[in-house]
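Here are the chains, one letter per residue:
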Amino acid sequence: QVRLVESGGGLVQAGDSLRLSCAVSGHTFSSYTMGSYTMGWFRQAPGKEREFVAIISWDGRTTNYADSVKGRFTISRDNAKDTVYLQMNSLKPEDTAVYYCAAPDKSYYYTLERSDYAYWGRGTQVTVSS
């Protein structure tokens, strides 16, 4: 069973930076391989729907960002380490949310649709104070 585990969240002040990590494991005997799947970051604030933040293609050559984080956040991946990252700079209070790592269940499939993502981590809390 594929497992995604996020880390790096915490309590910071506005203007500060955080780097989130998502480690992929438990896929030794599955058809999933890190270099074949899009990876994404989503977030959910209290009382709100889970929303798209950023995605990166299987080879790291293509990325997309939500308008709200464009220019401040950077998604990257290291397939050799089975890890995807989200560098968050110039954090704002409105960035406060639980951040989730996710992947679709189709190889070589690039999508921004939340419903297409089948694998999810349990999330890591990011809290930005003003």
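Fair warning: this is a prediction, and the values are worked out from it, not measured in the lab. (Residues numbered from 1 in each chain as written. Predicted model: local features only at pLDDT ≥ 70, side-chain atom pairs only at ≥ 80, totals over all residues. Heavy atoms only, no water.)

1. Observations concerning the pattern of salt bridges
In the structure shown here, the tally under the stated rule is six salt bridges. Across the salt bridge formed by Arg-43 and Asp-95, the nearest N and O atoms sit 3.0 Å from each other. On the criterion of sequence distance, the pair formed by Arg-43 in strand 4 (residues 39-44) and Asp-95 in the loop between strand 8 (83-88) and strand 9 (97-104) is long-range, its members being 52 residues apart. For Arg-43, a relative accessible area of 6% translates into the label buried. In the salt-bridge network here, residues are joined through shared partners; they are Arg-43, Glu-51, Arg-72 and Asp-95. (Salt bridge = Lys/Arg side-chain N within 4 Å of Asp/Glu carboxyl O. Helix = DSSP H or I, 4+ residues; strand = E, 2+ residues; numbered from the N terminus. Buried < 20%, exposed > 50% of the residue type's maximum accessible area, 1.4 Å probe, protein only.)

2. Some thoughts on the state of the cysteines
The bond known as a disulfide is covalent and runs between the sulfur atoms of two cysteines. In this structure the tally under the stated criterion is one disulfide. The disulfide partner of Cys-22 is Cys-101, and the S-S distance across this bridge is 2.1 Å. With the S-S bond torsion at -80 degrees, the cross-link from Cys-22 to Cys-101 turns out left-handed. Residue Cys-22 is found in strand 3 (residues 18-25), and its partner Cys-101 is found in strand 9; the two are separated by 79 residues along the sequence. A relative accessible area of 0% places Cys-22 in the buried class. Looking at Cys-101, the relative accessible area reads 0%, which means it is buried. (Disulfide = S-S within 2.5 Å.)

3. What to know about the pairing of strand 5 (residues 51-56)
Looking along a regular strand, one sees side chains alternate from face to face of the sheet. Most of strand 5 sits out of view: five of its six residues are buried. Relative to strand 5, strand 4 runs antiparallel, the two being bridged by five bridges. Within the sheet, the bridge partner assigned to Met-39 lies in strand 5 and is Ile-56. What sits between strand 4 and strand 5 in their antiparallel hairpin is a turn of six residues, with Gly-47 showing a positive phi close to 80 degrees. One ladder, built from three bridges, connects strand 5 with strand 6 (residues 63-65); its direction is antiparallel. (Pairing = 2+ DSSP bridges.)

4. Details of the side chain of Arg-43
Side chain to side chain, Arg-43 and Asp-95 meet in a polar contact 3.0 Å long. One polar contact links Arg-43 to Tyr-99, side chain to side chain, over a distance of 2.9 Å. Not counting the four nearest positions on each side in its chain, Arg-43 is found in contact with Glu-49, Arg-50, Glu-51, Val-53, Ser-68, Val-69, Phe-73, Glu-94, Asp-95, Ala-97, Val-98 and Tyr-99. (Polar contact = N/O pair within 3.5 Å; in protein donor to acceptor, adjacent residues only side chain to side chain. Contact = heavy atoms within 4.5 Å.)

5. A word on the sheet that holds strand 1 (residues 3-7)
Either a parallel or an antiparallel arrangement is found when strands of a sheet pair, and the pairing is made through backbone hydrogen bonds. Taken together, four strands build an open sheet; the order of strands is 1-3-8-7 and the sheet is antiparallel. Strands with a single pairing partner mark the edges of an open sheet, and in this sheet they are strand 1 and strand 7 (73-78). Taken pair by pair, the neighbouring strands of this sheet meet at an average axis angle of 15 degrees, ignoring direction. Relative to strand 8, strand 3 runs antiparallel, the two sharing six bridges. Residue pairing across strands places Ser-21 opposite Tyr-85, the latter belonging to strand 8. (Axes fitted to C-alpha atoms, helices over the stretch in contact; angles between N-to-C directions.)

Honestly, that's just the spatial picture; any functional story needs more than this.
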